[in-house]
2 protein chains.
Amino acid sequence: MAASRTRIRIDVAYDGTEFTGWAKQPGLRTCQGLLESALETVVREPAPVTVAGRTDAGVHALGQVAHFDAPEGIADIDRLPHRLNSLMRASDIAVLRASVAPEGFDARFSATSRRYRYRLQLDTRNPLAKDAAHWRRELALHAMQDTAELLTGLHDFAAFCKPREGATTIRELREFSWRFIQTDGPGRILEAHVLADAFCHSMVRSLVGACVAVGEGRLGLAAAESLLQERRRSSAIPLMPANGLTLMEVGYPDDADLAAQAERTKARRTPDDVEPRSRYHAEQPSQSTGDQQ
Amino acid sequence: MAASRTRIRIDVAYDGTEFTGWAKQPGLRTCQGLLESALETVVREPAPVTVAGRTDAGVHALGQVAHFDAPEGIADIDRLPHRLNSLMRASDIAVLRASVAPEGFDARFSATSRRYRYRLQLDTRNPLAKDAAHWRRELALHAMQDTAELLTGLHDFAAFCKPREGATTIRELREFSWRFIQTDGPGRILEAHVLADAFCHSMVRSLVGACVAVGEGRLGLAAAESLLQERRRSSAIPLMPANGLTLMEVGYPDDADLAAQAERTKARRTPDDVEPRSRYHAEQPSQSTGDQQ
């Protein structure tokens, strides 16, 4: 970042239903497109935004984080959320906060964790639960929980990833659990909590898909475990609908470690870097360049 | 109902955002309009529907109840929800259940209670919380709870009702309470739980408005209490936005009492019927002809 500019962190929430995902695409309604064009109006120059999680079409976010570099002397940062929200004129996206980023902060490369939730609406369709995928078939919760537990840890998740040239598929899945949540409406809602350093493309929806396949009895637990040995995307894993997925939170290290973390992430590990699992278990965090769900 | 017909109870949920309310209106998108036209396709004749709560534009429902009288011999009632949902082709309304109604059942006149919730999204706007009204100003929860408590009971709620010629405004507000609910997203959500035998037009949004006025310090508790003595709609009570309101449940008596309850409700009490409060407290339920929020 040039010394003459001020990096601003922006926290964003959106209902992904009517967006063609986060990433800007010509002629399509995207979160990045809306946000950048509002920012450009405010700062009177193009304002490219970097984001922590490039969510796919239909995926929601309640804790998305982005940054952009504002011209020095940008005033009234406290009022920026209100100005951007007024300019975007959309009820399905909201800038929650804007703040001067700490030294070394990069929304994408400084991130050390991403937390997602996935919601399944069972029994019936609740039109107010737009962030839950409707699932008609019976599911055994205990089998889904067993699947989640065996997938947790540092693994090569190639079977769960849309392939991307030269990108590693090793990730540290730190937390993955299922529970029924309290709801006052019709039908039960089953929610997965998923936390990792980062996720390869489509990984969360595939992790959930594996649990659903086991929960429906279509896939055995041993078969699910053996997916971790595969080195390419597996057709045994259903890709779950986008509308059940919500990015909840992006984690960053303490301010003092932001720049170092960004450097570590940029020196990204490629598939050639894959090392024996024992090595990774020795407190060495896996590295990745981003996150796309 | 003619002896040759079968009365069907239908449970419905909808996101009210894109509906001009429940009640059919020429040229407008309404819940009743969509449902009746799907029913007409199924039974091959006009199928007028009676509903428990005629929700206003923007109001949601998770537990709406309606009925219609089907031609005798209607088959596959279990599959009716699926057929109606396919015909309506709308993600914001869902028939949850269809069942042959017990003898004497009338969705509107047999109902003995309606339960609503009202949600206020505080701090920030959450684009996924479409069933919560965003409220920017500070609110004192204890003052709102105090207001709710003093409004609870059998009262003439004229100050809280849009006037309707010849209709009583006496209602028994059985439960009214406020709490913060657990949310995983940004901002806090404050939820009112409101239960009465029935509500006069706009009553729930006015009850909530009175609590908000007290919670903001714009109205004193004594002034709020004195509203119960007024005999016409009060301008001191703000009408809260429709999008925070959701009809959660309609209560009915045991099957044996359905017809008697419908008769009691139809012999509706008019303003001339207003009697001393002591009389009502003697276990005598107030009567009303319906519910519109």
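Fair warning: this is a prediction, and the values are worked out from it, not measured in the lab.

S.K.: Kindly report on the overall build of chain A, identifying the contributing residues and their values.
M.R.: Looking only at helices and strands, chain A has 7 helices and 10 strands in total. A globule of 293 residues ought to have a C-alpha radius of gyration of about 19 Å, and chain A, at 20 Å, matches this closely. Dimensions along the principal axes, computed over C-alpha positions, put chain A at roughly 60 × 50 × 35 Å. Here chain A, with 293 residues, has 57% of them falling under the buried criterion. Here chain A has roughly 12,600 Å² of accessible surface; of this, 47% comes from carbon and sulfur atoms. Of note, chain A has its 37 positive side-chain charges centred 5 Å away from the centre of its 39 negative side-chain charges.

S.K.: Residues and numbers for the interface of chain A and chain B, please.
M.R.: Each partner contributes to the interface: chain A provides 28 residues, whereas chain B provides 28 residues. Counting each side, the surface lost to burial between chain A and chain B is near 2,200 Å², with a carbon and sulfur contribution of 57%. The largest share of the area that chain A buries against chain B comes from Arg125, Leu128 and Asp184 of chain A, three residues that together contribute 30% of it. At the junction of chain A and chain B, the tally comes to 4 salt bridges. With a shortest N-O distance of 3.5 Å, Lys130 of chain A and Asp15 of chain B are connected by a salt bridge.

S.K.: For the UniProt feature "domain: Pseudouridine synthase I TruA alpha/beta" (unreviewed entry) in chain A, give the residues involved together with the corresponding values.
M.R.: Residue and element names in this part refer to chain A. Here, UniProt's "domain: Pseudouridine synthase I TruA alpha/beta" (unreviewed entry) annotation points to residues 13-109 and 148-253. Secondary structure content for residues 13-109 is 23% helix and 25% strand, while the C-alpha to C-alpha distance between its ends is 20 Å. For the annotated span residues 148-253, helix accounts for 22% and strand for 29% of the residues, and the straight-line distance between the end C-alpha atoms is 26 Å.

S.K.: Give me the lowdown on the packing of helix 3 (residues 141-151) of chain A against helix 4 (residues 203-215) of chain A, citing residues and values where you can.
M.R.: All names here are of chain A. Following both chains from N to C, one finds helix 3 and helix 4 inclined at 140°, their axes separated by 8 Å at the closest point. Between helix 3 and helix 4, the interaxial angle falls into the category oblique. In terms of crossing hand, the pair formed by helix 3 and helix 4 is right-handed. Between helix 3 and helix 4, the contacting residues are Ala143, Met144, Thr147, Ala148 and Leu151 on the first element and Leu207, Ala210, Cys211, Val212, Val214 and Gly215 on the second. Grouping the amino acids of the contact of helix 3 with helix 4 by side-chain chemistry returns 9 nonpolar, 2 polar and no charged.

S.K.: Provide a residue-level description of the relation of the copies chain A and chain B, including the pertinent values.
M.R.: What connects the two chain copies is a rotation about an axis and a shift along it. Superposition record for chain A on chain B: RMSD 0.0 Å, screw rotation 180°, translation along axis 0.0 Å. Both chain copies can therefore be described as sitting about a two-fold axis.

S.K.: Explain unusual backbone geometry to me, and be specific about the residues and the numbers.
M.R.: Phi is positive for Asp123 of chain A, close to 70°, though the residue is something other than glycine. Relative to the assigned elements, Asp123 of chain A resides in the loop between strand 5 (113-121) and strand 6 (133-134).

S.K.: Which residues make up the pattern of salt bridges, and what values go with them?
M.R.: Applying the stated criterion to the full structure yields 40 salt bridges over all chains. Glu216 of chain B serves as the salt-bridge partner of Arg137 of chain B, at 2.9 Å between the closest nitrogen and oxygen. With Arg137 of chain B in the loop between strand 6 (133-134) and helix 3 (141-151) and Glu216 of chain B in the loop between helix 4 (203-215) and helix 5 (221-226), this pair connects stretches of sequence that are 79 residues apart. Relative accessible area serves as the criterion here: at 18%, Glu216 of chain B is assigned to the buried category. Here the residues in one salt-bridge network are Arg117, Arg119, Asp131, Arg179 and Glu191 of chain A, joined through shared partners.

S.K.: Tell me what's going on with the UniProt feature "active site" (unreviewed entry) in chain A, and back it up with residues and numbers.
M.R.: Residues and elements named next belong to chain A. The feature "active site" (unreviewed entry), as annotated in UniProt, sits at Asp56 in this numbering. When you line up the elements, Asp56 lands in the loop between strand 2 (50-51) and strand 3 (60-71). The exposure class assigned to Asp56 is buried, which follows from its relative accessible area of 14%. The contacts of Asp56, once residues within four sequence positions are left out, are Gly21, His201, Arg205, Gln292 and Gln293. Within the structure, Asp56 has its side chain in polar contact with the side chain of His201 (distance 3.0 Å).

S.K.: With reference to specific residues and values, describe the packing of aromatic side chains.
M.R.: Residues and elements named next belong to chain A. Inspection of every chain in the model, using the stated rule, returns 12 aromatic pairs over all chains. Centre to centre, the rings of Phe157 and Phe160 are 5.8 Å apart; their planes meet at 70°, and the pair counts as edge-to-face. One exposure class covers both Phe157 and Phe160, and it is buried. One aromatic cluster is present, built from ring pairs that chain together Tyr14, Phe19 and Trp22. Its guanidinium or amino end placed over the ring of Phe19, Arg29 lies 4.2 Å from that ring's centre, counting from NZ or CZ.

S.K.: Tell me about the pairing of strand 3 of chain A, and name the residues and values.
M.R.: Residue and element names in this part refer to chain A. By the criterion of burial, strand 3 is predominantly enclosed, with 10 of the 12 residues buried. Alignment of strand 1 (residues 5-14) against strand 3, held across 9 bridges, turns out to be antiparallel. Residue pairing for strand 3: Arg5 is matched across the bridge by Pro71. Bridge analysis of strand 2 against strand 3 gives 2 bridges, and the strand direction is antiparallel. Bridge pairing in strand 3 links Thr50 to His67. Pairing analysis gives 2 bridges linking strand 3 to strand 10 (residues 245-251), with the strands arranged parallel. In the strand pairing of strand 10, Ala61 is matched with Leu247.

S.K.: Go over helix 2 (residues 80-88) of chain A with me, naming the residues and quoting the values.
M.R.: Residues and elements named next belong to chain A. Within helix 2 the residues assigned to the buried category are Leu80, Pro81, Leu84 and Met88. The buried residues of helix 2 all sit within an arc of 95° when viewed along its axis, so they share a single face. Where helix 2 is buried, its residues contact strand 1, helix 1 (31-43), strand 3 and strand 4 (93-100).

Cut-offs applied
All residue numbers refer to positions counted from 1 along the written sequence of the respective chain. Naming scheme: in the order in which they are written, chains are lettered from A and ligands are numbered from 1. Only residues with pLDDT of at least 70 get local features here, since the model is predicted, and only at 80 or more are side-chain atom pairs given and counted; chain-wide, interface and lining totals rely on the full set of residues. In computing side-chain values, all of the structure's heavy atoms are included and hydrogens and water are not. Here a helix means four or more residues in a row that DSSP labels H or I, a strand means two or more in a row labelled E, and each is numbered from the N terminus. Atoms counted for the radius of gyration: C-alpha only. Globule rule: 2.2 Å times the number of residues to the power 0.38. In this scheme, a residue with accessible area under 20% of its type's maximum is buried, one over 50% is exposed, and one in between is partly exposed, where area comes from a 1.4 Å probe on protein chains only. Methods summary: accessible areas were calculated by the Shrake-Rupley approach with a probe of 1.4 Å, and residue burial reflects only the protein chains presented. His is not counted, nor are the chain ends; Lys and Arg add positive charge and Asp and Glu add negative charge. Every charge is mapped onto a representative atom, which is NZ of Lys, CZ of Arg, CG of Asp or CD of Glu. Throughout, a contact is declared for two residues whenever any of their heavy atoms are within 4.5 Å. Buried area: the accessible surface (1.4 Å probe) lost by two parts on joining, summed over both. We define a salt bridge as a contact between a side-chain nitrogen of Lys or Arg and a carboxyl oxygen of Asp or Glu at a distance within 4 Å. UniProt positions are given in the numbering used here, feature names are shortened, and annotations may be inferred rather than shown by experiment. Whenever a helix is involved, its axis is fitted only over the stretch in contact; in every case the axis is a line through C-alpha atoms, and angles between N-to-C directions fall within 0 to 180 degrees. Angle categories: roughly parallel below 35 degrees, roughly antiparallel above 145, roughly perpendicular from 65 to 115, and oblique for all the rest. By convention, the crossing between two helices is left-handed when the near helix turns anticlockwise from the far helix through less than a right angle, and right-handed when the turn is clockwise. Classes in brief: Ala, Val, Leu, Ile, Met, Phe, Trp, Tyr, Cys and Pro nonpolar; Asp, Glu, Lys and Arg charged; the others, Gly included, polar. In this comparison the copies share one frame, found by least squares on the C-alpha atoms of residues holding pLDDT of at least 70 in both. Whenever two N or O atoms come within 3.5 Å, that pair is a polar contact, provided that in protein one can donate a hydrogen and the other can accept it, and provided that, for residues adjacent in sequence, both atoms are side-chain atoms. Classification of ring pairs uses Phe, Tyr and Trp, with its six-membered ring standing for Trp, and accepts pairs whose centres are within 6.5 Å; under 30 degrees between planes counts as stacked, over 60 as edge-to-face, and the remaining range as tilted. Two limits define a charge over a ring: the Lys NZ or Arg CZ must be within 6 Å of the ring centre, and within 35 degrees of the ring normal. Here, strands pair whenever DSSP counts at least two bridges between them. Taking the helix axis as origin, the arc is that swept by the directions to the C-beta atoms.

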